[in-house]
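Report on the structure
Chain by chain, the residues:
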Amino acid sequence: AQSVTQLDSHVSVSEGTPVLLRCNYSSSYSPSLFWYVQHPNKGLQLLLKYTSAATLVKGINGFEAEFKKSETSFHLTKPSAHMSDAAEYFCVVSDPSGGYNKLIFGAGTRLAVHP
Amino acid sequence: DGGITQSPKYLFRKEGQNVTLSCEQNLNHDAMYWYRQDPGQGLRLIYYSQIVNDFQKGDIAEGYSVSREKKESFPLTVTSAQKNPTAFYLCASSSIAGNHYNEQFFGPGTRLTVL
């Protein structure tokens, strides 16, 4: 069965420093992986997705993630944090076993950015 | 603008009442989904629909009902049988190409509070 583990529930960084949000997955298939961002009381916005093409995936707002099959990881990074990056981030794996695009969500990582 | 709209943004319900949450999309997507989000948790799937007049239960369908009479609309009814309905509800949609489901796009959410 597919599953996702986000290794940190909270991450705090200073503005201008790098961001690392960690995600490990378990999948019986060649997975599709996603990172979504959610600002308070808002819906989810897709940051980036991996679908078996390039292992280094670039997304919006300067974020990128690297798919590492040997480590079953899909960590999200950004070279320099901005105050507007403060939000909740979800790592997601798709599970096609039921014949539709079921998404399995991690519990989320809350990113705080300090001046 | 293309997108997904949900209404109302905030909803208050007395115990024993049924309430209906609206979800409309103008993205021409075939598939639509309803999720529930509780604090500190990822999203959990309530119902999904791949085509008009067809829908399937997700992981936590008990106490909920849906309809899909039109491609662009997928309303969710929270019934009095749902024991703990206070939560943030998110609607999503995705396109389908053959057997491939593309990424899901999310609406802004409805926060339901039971008084």
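Whatever comes next refers back to the structure up there.
As a convention, each chain's residues are numbered from 1 in the sequence order in which they are written. Note on labels: chains are lettered from A, ligands numbered from 1, in written order. Residue-level local features of this predicted model are given only where pLDDT is at least 70; pairs of side-chain atoms are given and counted only at 80 or more, and the full residue set underlies all totals for whole chains, interfaces and linings. Computation of side-chain values: all heavy atoms of the structure, hydrogens and water removed.

A run of H or I in DSSP counts as a helix once it spans at least four residues, and a run of E counts as a strand once it spans at least two, with each numbered from the N terminus. Scanning chain A from N- to C-terminus turns up zero helices and twelve strands. Secondary structure of chain A in N-to-C order comes out as β-β-β-β-β-β-β-β-β-β-β-β. Along the first, second and third principal axes, the C-alpha set of chain A runs to 45 × 30 × 20 Å. Classification of the 115 residues of chain A by burial places 46% in the buried group. In short, Shrake-Rupley with a 1.4 Å probe defines the accessible areas, and a residue's cover is counted only from the protein chains shown. For chain A, the exposed area adds up to about 5300 Å²; of that, 52% sits on carbon and sulfur atoms. In this tally, Asp and Glu contribute negative charge and Lys and Arg positive charge; neither His nor the terminal groups of the chain are included. We put the charge of a Lys on NZ, of an Arg on CZ, of an Asp on CG and of a Glu on CD. One way to put it: in chain A the 9 positive side-chain charges average out to a point 5 Å from where the 8 negative ones average out. Buried residues are those whose accessible area, probed at 1.4 Å on protein chains only, stays under 20% of the maximum for their type, while exposed residues exceed 50% and partly exposed ones sit between those limits.

Residue and element names in this part refer to chain B. Going residue by residue along strand β3 (residues 19-25), you find Val19, Leu21, Cys23 and Gln25 tucked away on one face and Thr20, Ser22 and Glu24 left uncovered on the opposite face. Note on pairing: DSSP must find at least two bridges between two strands before they are called paired. Sheet topology places β3 next to strand β8 (residues 76-78); three bridges connect them, and they run antiparallel. Directly across from Leu21, in β8, lies its bridge partner Leu76.

Residue and element names in this part refer to chain B. Note on terminology: pairs of cysteine sulfur atoms within 2.5 Å are recorded as disulfides. Within the structure shown, the criterion is met by two disulfides over all chains. Two residues, Cys23 and Cys91, share a disulfide whose sulfurs are 1.9 Å apart. The S-S bond linking Cys23 to Cys91 shows a torsion near -75 degrees; that makes this disulfide left-handed. Separated by 68 residues along the polypeptide, Cys23 in strand β3 and Cys91 in strand β9 (residues 87-94) bring together distant segments of the chain.

A separate point is the pattern of salt bridges. One speaks of a salt bridge when a side-chain nitrogen belonging to Lys or Arg is within 4 Å of a carboxyl oxygen belonging to Asp or Glu. Using the criterion set out here, one finds nine salt bridges over all chains in the structure. Its salt-bridge partner being Glu88 of chain A, residue Arg110 of chain A comes within 2.6 Å of it at the nearest N-O pair. Within this pair, whereas Arg110 of chain A is found in strand β12 (residues 109-114), its partner Glu88 of chain A is found in strand β10 (residues 87-95), the two being separated by 22 residues in sequence. The class for Arg110 of chain A is partly exposed, based on a relative accessible area of 40%. Residue classification places Glu88 of chain A among the buried residues on the basis of a relative accessible area of 12%. Residue Asp38 of chain B is joined to Arg36 of chain B by a salt bridge in which the shortest nitrogen-to-oxygen separation is 2.8 Å. Note on Arg36 of chain B: relative accessible area 4%, which makes it buried. Look at the salt bridges and you will find they share partners, linking Arg36, Asp38 and Arg44 of chain B into a network.

Here we take up the interface of chain B and chain A. Many descriptions give the size of an interface as the accessible area lost when the pieces come together. Chain B puts 22 residues into the contact, and the matching count from chain A is 18 residues. Around 1700 Å² of area is buried between chain B and chain A when both sides are counted, 53% of it from carbon and sulfur atoms. For the pair chain B and chain A, the number of links is two salt bridges. Of the charged contacts in the structure, one is a salt bridge between Lys49 of chain A and Glu103 of chain B, with a shortest N-O distance of 2.6 Å. The definition of a polar contact used here is a pair of N or O atoms within 3.5 Å, where within protein one atom must be able to donate a hydrogen and the other to accept one, and adjacent residues in sequence count solely through side-chain atom pairs. Our count for the chain B to chain A interface comes out at six residue pairs in polar contact (both at pLDDT 80 or more). Every element with two or more residues in the side of chain B that touches chain A is listed here: β4 (31-37), β5 (43-51) and β9 of chain B. The dominant element in the side of chain B that touches chain A, judged by the number of residues it contributes, is β5 of chain B, at four residues. Only heavy atoms enter the contact rule, under which two residues are in contact if any of them lie within 4.5 Å. Buried area, as used here, totals the accessible surface that two parts lose on assembly, with accessibility defined by a 1.4 Å probe and the loss added over both.

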